[in-house]
Amino acid sequence: MPLRRVKQQLAMAFGLSGLVMATFFTVACAKDDTSAQTQGASKTAPAKVVLKDGPAIEFRGTLSGDVLDLAPMEDETFTPEAKHFMATGENPYRGNEEEIKKGYTIFSTACSGCHGHLAEGKLGPALADDYWTYPKNETDKGIFETIYGGAAGMMGPQQGRMTVDEILHVIAWIRHQAEENLKNGGAAPHG
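Below or above, wherever it landed, is the structure these notes cover. Since we're looking at a predicted model, the values are computed, not measured. (Residues numbered from 1 in each chain as written. Predicted model: local features only at pLDDT ≥ 70, side-chain atom pairs only at ≥ 80, totals over all residues. Heavy atoms only, no water.)

### Thoughts on the overall build of the protein
Counting its regular elements, the protein contains seven helices and zero strands. Taken from the N to the C terminus, the helices and strands of the protein come in the order α-α-α-α-α-α-α. Looking at the protein as a whole, 41% of its 191 residues are labelled buried. Considering only intrachain contacts with a sequence separation of at least 6, the fraction spanning at least 24 residues in the protein is 62%. Approximately 10600 Å² of the protein is accessible, and the part contributed by carbon and sulfur atoms is 57%. (Helix = DSSP H or I, 4+ residues; strand = E, 2+ residues; numbered from the N terminus. Buried < 20%, exposed > 50% of the residue type's maximum accessible area, 1.4 Å probe, protein only. Contact = heavy atoms within 4.5 Å. Areas by Shrake-Rupley, 256 points an atom, 1.4 Å probe, with all protein chains shown as cover.)

Right, dumping it as structure tokens:
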């Protein structure tokens, strides 16, 4: 049985304890997963994204429509990838397996309590399917605005809780998970 399936079954069987264990296995076994993948086939490196820097485009809150203040948190330094996103609205982490794994680790600790450990929905809506509560979330810029500035219900703004870079990692994992779900016709494993 593939390691991913075992991790998924553990998480489902043991709830939060399983989620913690699955997260541990994800991080601890990432090297093993990579080794197994490279033994079977040659890996293609993710396409290099030419990072652009410049003035930030305008980001607006999903509910209020007010312009969001993208000032860095205390001790936050914007990464080149975050600067690129703020200037273009393009997430440079999309499609990068290593960054997607980081995104899952962040998602599992910051988001899964409400959105489910595979973004299948729980208290909050599903995030890895083809329906969006807010249609603007179909774009990376739109979902960033929703995460950063908050949404209806219990989804408070993550501004000041997550860095811009962490949000971009989470978005990359959500997009990856949705693509895998579409390919597999249902819930895909997180990796």
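### A word on the packing of helix H4 (residues 97-110) against helix H7 (residues 164-184)
With their axes 7 Å apart at the nearest point, H4 and H7 run at an angle of 105° to one another. It follows that H4 is roughly perpendicular to H7 by the angle criterion. Side by side, H4 and H7 meet where Glu 99, Ile 100, Lys 102, Gly 103, Tyr 104, Ile 106 and Phe 107 of the first sit next to Glu 166, His 169, Val 170, Ala 172, Trp 173, Ile 174 and His 176 of the second. Split into classes, the residues belonging to the contact of H4 with H7 amount to eight nonpolar, three polar and three charged. (Axes fitted to C-alpha atoms, helices over the stretch in contact; angles between N-to-C directions. Parallel < 35°, antiparallel > 145°, perpendicular 65-115°, else oblique. Nonpolar A, V, L, I, M, F, W, Y, C, P; charged D, E, K, R; others polar.)

### Regarding the pattern of salt bridges
Evaluation of the coordinates by the stated rule reveals eight salt bridges. With a closest N to O distance of 2.8 Å, Asp 140 and Arg 175 form a salt bridge. With Asp 140 in helix H6 (residues 140-149) and Arg 175 in helix H7, this pair connects stretches of sequence that are 35 residues apart. (Salt bridge = Lys/Arg side-chain N within 4 Å of Asp/Glu carboxyl O.)

### Thoughts on unusual backbone geometry
Unusually for a residue other than glycine, Asp 75 sits at a positive phi of about 70°. As for its position among the elements, Asp 75 is in the loop between helix H2 (30-40) and helix H3 (80-88). The phi angle at Ala 119 is positive, at roughly 65°, despite the residue not being glycine.

### Some words on the packing of H3 against H7
It is the contact of H3 with H7, at a shortest axis distance of 9 Å, that shows an interaxial angle of 75°. By the criterion of interaxial angle, the relationship of H3 to H7 is roughly perpendicular. In this structure, H3 contributes Glu 81, Ala 82 and Phe 85 to the contact, and H7 contributes Val 164, Asp 165 and Leu 168. Across the contact of H3 with H7, the residue classes break down as four nonpolar, no polar and two charged.

### Thoughts on the environment of Ile 100
Along the chain, Ile 100 turns up in helix H4. The spatial distance from the C-alpha of Ile 100 to the C-alpha of His 176 is 7.4 Å, given a sequence separation of 76 residues. With near-sequence residues (within four places) excluded, Ile 100 lies in contact with Tyr 93, Gly 95, Ala 172, Trp 173 and His 176.

### Here we look at the packing of aromatic side chains
Tallying each qualifying case throughout the model produces six aromatic pairs. Aromatic side chains Tyr 104 and Trp 173 sit 5.1 Å apart centroid to centroid with 55° between the ring planes, which places their arrangement in the tilted category. Of the two residues, Tyr 104 sits in helix H4 while Trp 173 sits in helix H7, which places them 69 residues apart along the sequence. Trp 173 shares its class with Tyr 104; the two are buried. Linked through ring pairs, Phe 59, Phe 85, Phe 144 and Tyr 148 together constitute an aromatic cluster. Here the basic side chain of Lys 141 rests over the ring of Phe 59, its NZ or CZ set 5.3 Å away from the ring centre. (Phe/Tyr/Trp six-rings, centres within 6.5 Å; stacked < 30°, edge-to-face > 60°. Lys NZ or Arg CZ within 6 Å of the ring centre and 35° of its normal.)

### Observations concerning the environment of Asp 165
In this structure, Asp 165 sits in helix H7. Each C-alpha atom, one on Asp 165 and one on Phe 78, is 7.3 Å from the other, the two residues being 87 residues apart in sequence. Once residues lying within four places of it in the same chain are set aside, the contact partners of Asp 165 are Thr 79, Glu 81, Ala 82 and Tyr 93. Among the polar contacts made by the side chain of Asp 165, one reaches the side chain of Thr 79 at a distance of 2.8 Å. A distance of 2.5 Å separates a polar atom in the side chain of Asp 165 from a polar atom in the side chain of Tyr 93. (Polar contact = N/O pair within 3.5 Å; in protein donor to acceptor, adjacent residues only side chain to side chain.)

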